[in-house]
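Spelled out, the chains give:
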Amino acid sequence: MSSQHDGDAAQDSLSSDLVMGEDGRARPPWAASDPLLMEYYDTEWGVPVKTESGVFERLSLEAFQSGLSWSTILRKRPAFREAFADFDPDIVATFDDDAVASLMANPAIIRNERKIRATIRNAQATLKLHEENSYLSDVVWSYASTSLPRPFRLSDIPSRTPESTALAKTLKKKGFSFVGPTTMFALMEALGIVDTHLVGAYHPMESAD
């Protein structure tokens, strides 16, 4: 199994920002020690997701993550999925004040009313897209770009790009909230829209068993 990107053959060394695990996989520091984050990085992060519920879930979790660690979100993700009907926008869009009160009383999720109500509004905005014969996944993926080079150092990775800024602007116009440029760039990384795996890092899309 190889973790070296074929297109980076000229780079004969790993990024100095990578951490080599006991399993022989090189990962960025954020995914190098916590087993939950290691599993997420190895199997999900950067793997393309294009289903409507999948994109809506990740959009919602990125909003909940704001100000918190991603490991906190991952540990609570099963509870989030249960509380938000597996992030089915058709169901979440129907949540009323009683549902909000119930969610605020649920200690297994992040009890932030602004984020909870934003998730409901975002589900409703997603349904409005459907009424326009469009899909959230299509809108998000329409901002895919190959202009971002594969980073060699963590410092090479921006916190936002023109594409993430444009996506944030589009979604806000369509009624979405908690979709700032930085949050949208994190979403684009997670969904595999942009590839910010460091040169030499383990990459599930480039590895074969």
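For the structure, see preceding data.
Each value, and the rule that gives it
Residues numbered from 1 in each chain as written. Predicted model: local features only at pLDDT ≥ 70, side-chain atom pairs only at ≥ 80, totals over all residues. Heavy atoms only, no water. Helix = DSSP H or I, 4+ residues; strand = E, 2+ residues; numbered from the N terminus. Buried < 20%, exposed > 50% of the residue type's maximum accessible area, 1.4 Å probe, protein only. Expected span 1.5 Å × (residues − 1). Contact = heavy atoms within 4.5 Å.

Visitor: Can you help me understand unusual backbone geometry in this one?
Guide: Glycine aside, the phi torsion of most residues is negative, and most peptide linkages are trans. Even without being glycine, Phe87 reaches a positive phi, approximately 55°. With respect to the secondary-structure elements, Phe87 resides in the loop between α3 (70-83) and α4 (89-92). Take Phe87: its relative accessible area is 0%, and that puts it in the buried class. The backbone of Asn133 shows a phi angle near 60°, a positive value even though the residue is not glycine. Positionally, Asn133 belongs in the loop between α6 (113-131) and α7 (136-141).

Visitor: Could you clarify how one ought to interpret helix α2 (residues 52-65) in this entry?
Guide: What sets the pattern is the α-helix's 3.6 residues per turn: residues three or four places apart point alike. With 14 residues, α2 should reach 20 Å at 1.5 Å per residue; the first-to-last C-alpha distance of 20 Å fits that figure. Of all the 14 residues making up α2, 12 are buried; the element is thus mostly covered by neighbouring parts of the structure. Along α2, the residues classified as buried are Glu52, Gly54, Val55, Phe56, Glu57, Arg58, Leu59, Ser60, Leu61, Glu62, Ala63 and Phe64. Contact partners of the buried residues in α2: α3, α4, α6, α7, α8 (162-173) and α9 (181-191). The first or second residue beyond α2 is Gly67, which carries a positive phi of 85°.

Note that all results are geometric; they support no functional claim without further evidence.
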